[in-house]
Amino acid sequence: MSEPTSTDPVTAMRPRLPSPLQQVEDERFSRHGVRLLLKRDDLIHPDLPGNKWRKLAPNLRAAAGRPVLTFGGAYSNHLRATAAAGRLLGFGTIGVVRGDELATRPLNPSLARCAADGMRLLFVDRATYRAKDDPGTLAGILRTAATDDVYVVPEGGSNAPAAAGCAGLGRELRGLADVVAVACGTGGTLAGLAAGLGDGQRALGFPVLKGGFLAAAVRDLQEEAFGGPTGDWSLDERFHFGGYARTTSGLDAFAEGFGARHGLPVERVYVAKMLAGLVELAAEGAFPPGTTVAAVITGQEDGRAAGAAG
């Protein structure tokens, strides 16, 4: 990629927007009178694909060149995307990583990529990480980071600016689908997507974590970003396949099969679970004949900086 000509992330990172929208022929939908579209957000940017770009861009604009400190686990897509943005735009990044035991181990490929992109890694114990949203705990983390002026982005990148950024995804799909589906981690993408859609459209989220906490998180994000609930959205919490980063042989086979049918390597942590959920819902008759469903492809399978939903 050529050197950026602007510190503004929208122009400097040259995103591909609007992302492509592809119709695919799949008898598991067509036999029920349902048309399936794939919203290829994974093609927005090679280093910050999908919702990672949509959520990070407004935060990077707000950071205005200051170092960015953010949070994630040992295989966090969000950390990789933030580190890549720092490399591309020339600002410092600090990644607070869950698990202080990792500090004495060789870096896994994900964290090694972060470090190669210039991210400073700060490993904290799991109790501290769980309490990271507590102001006192966060202040302690910032003291440890020894950075005077830093812009903090939450885990997964989901905050009010991120939700506002993801509203653009909904606006790109206005009038083009009846139902727009997305896999969910921290809720920011769904919160913004629903806000951006038009009248008569609804957003459907598929949480990839267990726990039943996501509805409250989405409502809180909409309150913070838009002043209150907005858009028509719902969750189907049946398709987490055991929880975050968990999979099954059945899900793996489904992902391989879907990819072979449609020439699309299917990311396992998020995208495969959403697509499997949509196939099941179509079989259940959840979509009336004539429904157009758009599935947001938020990540890449190859692991370069694999996008993930949130």
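Below is a short write-up of the structure. Please read all numbers here as calculations on a predicted model, not as lab measurements.

### A word on the overall build of the protein chain
Helix and strand content of the protein chain: 12 helices and 10 strands. Relative to its length of 310 residues, the protein chain is compact, with a C-alpha radius of gyration of 19 Å against a globular reference of 19 Å. Its C-alpha atoms give the protein chain principal-axis dimensions of about 60 × 40 × 40 Å. Long-range pairs, those at least 24 residues apart, make up 74% of the contacts in the protein chain between residues at least 6 apart in sequence. When the accessible surface of the protein chain is totalled, it reaches about 12600 Å², and 51% of it is carbon and sulfur. Side-chain charges in the protein chain split into 33 positive and 33 negative, and the spacing between the mean points of these groups amounts to 2 Å.

### Here we look at helix H5 (residues 109-116)
In an α-helix, one turn spans 3.6 residues; hence positions three or four apart end up facing the same way. By the burial criterion, the buried members of H5 are Ser110, Leu111 and Cys114. Down the axis of H5, the buried side of the element spans an arc of 90 degrees, and every buried residue falls inside it. Those residues of H5 that are exposed and angled more than 90 degrees off the buried face are Pro109 and Ala116. Sitting at the head of H5, Asn108 places a side-chain oxygen 2.9 Å from the backbone nitrogen of Ser110.

### Considering the side chain of Ser110
By the element assignment, Ser110 lies in helix H5. Of the residues examined, Ser110 reaches a relative accessible area of 5% and is grouped as buried. If near-sequence neighbours (up to four positions away) are discounted, Ser110 is found in contact with Ala74, Tyr75, Ser76 and Arg80.

### Structural notes on the sheet that holds strand E7 (residues 179-184)
On the basis of which strands lie adjacent, the open sheet formed by six strands has the order E1-E2-E10-E7-E8-E9 and mixed pairing. The open sheet has two edge strands, strand E1 (21-24) and strand E9 (233-235), and neither has a second partner. Taking the axes of each pair of neighbouring strands and ignoring which way they run, one obtains an average angle of 25 degrees across the sheet. As defined by bridge partners, E7 adjoins strand E10 (residues 292-296) across three bridges and the pair is classed as parallel. In the strand pairing of E10, Val179 is matched with Val293. With respect to the sheet, helix H10 (residues 214-226) is in contact with E7, strand E8 (202-207) and E9, its orientation differing from that of E9 by roughly 155 degrees.

### Digging into the packing of aromatic side chains
Here the structure, examined in full by the defined rule, presents three aromatic pairs. Relative to Phe239, the ring of Phe206 lies with its centre 5.8 Å away and its plane at 65 degrees, an arrangement referred to as edge-to-face. Placement of the pair is Phe206 in strand E8 and Phe239 in the loop between E9 and helix H11 (249-262), with a sequence separation of 33 residues. Note on Phe254 and Phe258: the rings are 6.0 Å apart at their centroids and 40 degrees apart in plane angle, and the pair reads as tilted. One end of the pair, Phe254, and the other, Phe258, are both in helix H11, four residues apart, so they sit about a helical turn from each other. Note on accessibility: Phe254 and Phe258 belong to one class, buried.

### Some thoughts on the pairing of E7
Burial within E7 is extensive, with six of its six residues counted as buried. Covered by surrounding structure in E7 are Val179, Ala181 and Ala183 together with Val180, Val182 and Cys184, the residues of both alternating faces. Direction of pairing for E7 relative to E8: parallel, over a ladder of six bridges. When the sheet's bridge partners are listed, Val182 is paired in E8 with Gly205. Viewed along the sheet, the connection from E7 through helix H9 (residues 188-196) into E8 turns out right-handed.

### Some thoughts on the sheet that holds strand E6 (residues 151-152)
Where strands meet in a sheet, backbone hydrogen bonds hold them as pairs that are either parallel or antiparallel. In spatial order, the strands read E5-E4-E3-E6; together these four strands make up an open sheet with parallel pairing. A single partner strand is all that each edge strand has here, and the edge strands are strand E5 (119-124) and E6. As paired elements, strand E4 (residues 93-98) and E5 share six bridges and run parallel to each other. Each bridged residue has a counterpart across the sheet, and for Thr93 the counterpart in E5 is Met119. Of the strands in this sheet, strand E3 (68-72), E4 and E5 are in contact with helix H4 (residues 77-89), which crosses E3 at around 160 degrees. Together, E4 and E5 form the strand contacts of H5, whose direction differs from that of E5 by roughly 135 degrees.

Reading the values: the criteria
- Residues numbered from 1 in each chain as written.
- Predicted model: local features only at pLDDT ≥ 70, side-chain atom pairs only at ≥ 80, totals over all residues.
- Heavy atoms only, no water.
- Helix = DSSP H or I, 4+ residues; strand = E, 2+ residues; numbered from the N terminus.
- Rg over C-alpha atoms; globule rule 2.2 N^0.38 Å.
- Contact = heavy atoms within 4.5 Å.
- Areas by Shrake-Rupley, 256 points an atom, 1.4 Å probe, with all protein chains shown as cover.
- Lys, Arg positive; Asp, Glu negative; His and termini not counted.
- Charge placed at Lys NZ, Arg CZ, Asp CG, Glu CD.
- Buried < 20%, exposed > 50% of the residue type's maximum accessible area, 1.4 Å probe, protein only.
- Arc of directions from axis to C-beta.
- Polar contact = N/O pair within 3.5 Å; in protein donor to acceptor, adjacent residues only side chain to side chain.
- Pairing = 2+ DSSP bridges.
- Axes fitted to C-alpha atoms, helices over the stretch in contact; angles between N-to-C directions.
- Phe/Tyr/Trp six-rings, centres within 6.5 Å; stacked < 30°, edge-to-face > 60°.
- Right-handed = clockwise from strand over helix to strand, strands pointing away.

Honestly, it's all geometry; don't read function into it.
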